[in-house]
Amino acid sequence: MRAMKWAPVIGAAMMLAACGGEKPATVEAAADALKAGLYELTSEVTALSSTDNTTPFTKLKVGDKTTVKACVGADGKPAPELFAEAEGDKCEIKNSYIRHGRLSAQMSCTREGKRGEVMPAMMGGFKADSFEGEITSLSYFVEDGDYRMSRKVSAKRVGDCPAAGATEEKAS
């Protein structure tokens, strides 16, 4: 009778011991910083809406895809061109947090032919040689054309930076 009392406890201990033999699947640890080099970023417009009930002042439409190449510096900070919405936008990163696998960057951009600003904000995650996330842009133009846009983005390191730090952009 005494043996019957301990049977469930012994059975549970044997089951737990049997589980310990397998190695857990390895999960890639978050990187502390992005590796310097040339990155290729692809983006797709997932949402676009007017915020002032006029036609948005952007050439992009929902579903459009773009690709741009720009550098991540030796300090682990991406060039603003990687996050800019349109070719020719002049952007400056105002605030950023790029640590422990988390990437957050807020920018201010000006666009030729339009007074005001486009304010992209990137939120996502990164590994040593790649990152992905979403960029949400709001525009604040003096004239009509204000909009909100969301783009899904992913980037990967494709090599070393060219000597001049040139950028390339192409729409598809």
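Conventions and cut-offs
- Residues numbered from 1 in each chain as written.
- Predicted model: local features only at pLDDT ≥ 70, side-chain atom pairs only at ≥ 80, totals over all residues.
- Heavy atoms only, no water.
- Salt bridge = Lys/Arg side-chain N within 4 Å of Asp/Glu carboxyl O.
- Helix = DSSP H or I, 4+ residues; strand = E, 2+ residues; numbered from the N terminus.
- Buried < 20%, exposed > 50% of the residue type's maximum accessible area, 1.4 Å probe, protein only.

Q: Kindly report on the pattern of salt bridges, identifying the contributing residues and their values.
A: Side chains that differ in charge, positive against negative, can pair when their charged atoms come close. Evaluated as defined, the whole model comprises 7 salt bridges. Residue R111 pairs with E85 through a salt bridge whose shortest N-O separation is 3.2 Å. Taken together, the positions of R111 in strand β4 (residues 102–111) and E85 in the loop between β2 (65–72) and β3 (90–99) put the pair 26 residues apart, joining distant regions of the chain. The exposure class assigned to E85 is buried, which follows from its relative accessible area of 2%. The salt bridge partner of E143 is R115, with a shortest N-O separation of 3.0 Å.

Q: Outline unusual backbone geometry, supporting the account with residue identities and numerical values.
A: With phi around 60 degrees, N53 is a residue other than glycine that occupies positive phi space. Relative to the elements of secondary structure, N53 occurs in the loop between β1 (37–50) and β2. Residue N53 is classed as exposed on the basis of its relative accessible area, which comes to 78%. One non-glycine residue with positive phi stands out, namely H100, at about 50 degrees. The topology assignment puts H100 in the loop between β3 and β4. The class for H100 is exposed, based on a relative accessible area of 53%.

Purely geometric stuff here, so don't read any function into it on its own.
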